[in-house]
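# Architecture at a glance
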Amino acid sequence: MIRWVIFLLFVAILEIYAFQAFKTLIRSKAFFVFYFITSVIALVYIIYQLYHFDRSVGQTPKTMMTMGLLLLLYVPKLLLTIILFGEDIIRFFSGIISLISKSNTEGFLPERRRFVSQIALGIAAIPFASFLYGITVGKYNFKVIKQTLFFPDLPEAFDGTTITHISDVHSGSFDDADKIQYAIDLINEQNSDMVLFTGDIVNTHATEMDPWIATFKGIHNPKFGKFSILGNHDYGEYIDWNSQSEKQANFEGIKAIHNKIDFKLLLNEHVKIKKDNQELAIVGVENWGRKFGERGDLNLASQGLTKEDFKIVMSHDPSHWDEKIQHDENHYHLTLSGHTHGLQFGIEIPGWIKWSPIQYVYKQWAGLYENAGRYIYVNRGFGFHAYPGRVGIMPEITVIQLKKGENVA
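All of these numbers come straight from a predicted model, not from anything done at the bench. (Residues numbered from 1 in each chain as written. Predicted model: local features only at pLDDT ≥ 70, side-chain atom pairs only at ≥ 80, totals over all residues. Heavy atoms only, no water.)

A few words now on empty space enclosed by the protein. The tally for this structure, following the rule as stated, stands at one cavity of 30 Å³ or more. Within this model, the largest cavity holds a volume of roughly 40 Å³. Taken together, Ile166, Val169, Phe197, Ile201, Phe216, Ile219, Ile261 and Phe263 make up the full set of residues lining the largest cavity. Tallied by class, the residues present in the lining of the largest cavity amount to eight nonpolar, no polar and no charged. (1 Å grid on protein atoms, 1.4 Å probe; cavity = no way out; pocket = protein on both sides within 12 Å on 5 of 7 lines; lining within 4 Å. Points joined across faces, edges and corners; volume = space filled by probe spheres on them. Nonpolar A, V, L, I, M, F, W, Y, C, P; charged D, E, K, R; others polar.)

Right, dumping it as structure tokens:
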């Protein structure tokens, strides 16, 4: 009960300051009647959805839209409140000074200044427009990002090999079949030598993928194959199950999805790709993460491999590379991960800025990182989760080309 009181008190403060900002600039009674009615309806809807969140179902498109509405309405008002509260502090101390100096002609508090409200509303409009764009356009604004990596010990037969890397499908979030088909077409257009998927095919339930089996089965089978691993969401850990057997049945259903879409699921194991009597290894581990379980067993997955073998590791959570893989004496050349989604929020201007709040949680959160000739590439994610949109960090299809030689960068 206390958390609802705190939430409503917080919302009330935001609404009071938002009202003050609008009141300074707008005199129309009709506007404020409309504003009041829509604000109350939105708040009632949000409270209803949050209160009735079903832990046995988990995230659904409806609950994600509730989160989107919450961010859309209250993040801008939070910025308004911070700016106007700052003005109130100045107004308060100005009133104290005027009272002491007996120069007060306006009452204890000077009137709120119009230009401050204008600035506050202008600043608040930025996240409002961004979140709205993220929900309506950004979540399906797929980007193909290409990366060339050089390795002196890459087998010559694999010089020029291309990999299409996708991650974090989260099929239970999809609501536009045409946009998903467009993304699958983009994957096929890359005509890569192999396709690697690094986990989180659903939000929770195996049935979330049912409408999309035929679509993802349409990913062309390249000459070296399609391989996949599991992510943290694929284990069904985020809802309350009626029984352990129900949870296990769902897990088996999720593993079966990969075969249905013609991907070879790697569960702490590896496969060798052979060409011209040379080979490289694809090592697939189960989810290993600081925060979401350590099921991955790199040693088990690598049994029979040597330090000299060229190895590509698929591990969903980049914290695995940060804490284990990059330091392993077995020398894993390239690791492919996902998981972070880049928080689906940030600023990226190539060559200028790359920022997201997620970087304060994960050292490797989007793109390419290197240590002593060992690389990790963190895919920004194919789908979306929790917030039904993307702001600044777009859904990604990665194409990596392997080249033999020294990195000249």
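There is more to say, and it comes next.
Another point: the packing of aromatic side chains. Scanning the model with the defined rule gives 21 aromatic pairs in all. Centre to centre, the rings of Tyr238 and Phe292 are 6.2 Å apart; their planes meet at 75 degrees, and the pair counts as edge-to-face. With Tyr238 in the loop between strand 4 (226–228) and helix 7 (244–260) and Phe292 in the loop between strand 7 (278–284) and helix 8 (298–301), this residue pair connects regions lying 54 residues apart in the sequence. Under the relative-accessibility criterion, Tyr238 is labelled partly exposed at 27%. Ring pairs connect the aromatic residues Tyr140, Phe142, Phe174, Trp212, Phe216, Phe382 and Phe384, which therefore count as one cluster. Here Arg295 stacks its cationic end above the ring of Tyr235, 4.0 Å away from the centre of that ring. (Phe/Tyr/Trp six-rings, centres within 6.5 Å; stacked < 30°, edge-to-face > 60°. Helix = DSSP H or I, 4+ residues; strand = E, 2+ residues; numbered from the N terminus. Buried < 20%, exposed > 50% of the residue type's maximum accessible area, 1.4 Å probe, protein only. Lys NZ or Arg CZ within 6 Å of the ring centre and 35° of its normal.)

Before going further, it helps to examine the side chain of Ser167. By the secondary structure assignment, Ser167 is in the loop between strand 2 (162–166) and helix 5 (177–189). Ser167 has contacts with Phe197, Thr198, Gly199, His316, Ser337, Gly338, His339, Asn379, Gly381, Phe382 and Gly383, leaving out every residue within four places of it along the chain. (Contact = heavy atoms within 4.5 Å.)

Moving on: the sheet that holds strand 12 (residues 367–371). By way of backbone hydrogen bonds, the strands of a sheet pair with one another, either parallel or antiparallel. Strands sit in the order 6-7-8-9-13-12 across an open sheet of six strands; the sheet is mixed. Where the open sheet ends on each side, the last strands, each with one partner, are strand 6 (269–275) and strand 12. Each strand of the sheet is rotated relative to its neighbour by a mean of 20 degrees, with strand direction disregarded. Examined bridge by bridge, strand 12 and strand 13 (residues 374–378) share five bridges and lie antiparallel to one another. Bridged to Glu370 within strand 13 is Tyr375. (Pairing = 2+ DSSP bridges. Axes fitted to C-alpha atoms, helices over the stretch in contact; angles between N-to-C directions.)

Right, let's get into the sheet that holds strand 4. Read across the open sheet, the six strands follow the order 1-14-2-3-4-5; overall the sheet is mixed. Looking at which strands have only one partner, the edges of the open sheet turn out to be strand 1 (143–151) and strand 5 (264–265). In this sheet, strand 4 lies alongside strand 3 (residues 194–197) in parallel orientation, the contact comprising three bridges. Residue pairing for strand 4: Leu196 is matched across the bridge by Phe227. Packed onto the sheet, helix 5 meets strand 1, strand 2 and strand 14 (396–404) and runs at close to 10 degrees relative to strand 14.

Another aspect to go through is the pairing of strand 13. Counting buried positions along strand 13 yields five of five residues, so the element is predominantly enclosed. Judged by which residues are buried, strand 13 turns out to be covered on both faces: Arg374, Ile376 and Val378 on one side and Tyr375 and Tyr377 on the other are all buried. Here strand 9 (residues 334–337) pairs with strand 13 via four bridges, running parallel. When the bridges of strand 13 are listed, Leu334 appears paired with Tyr375. Between the antiparallel neighbours strand 12 and strand 13 lie two residues, among them Ala372 with a positive phi of about 55 degrees.

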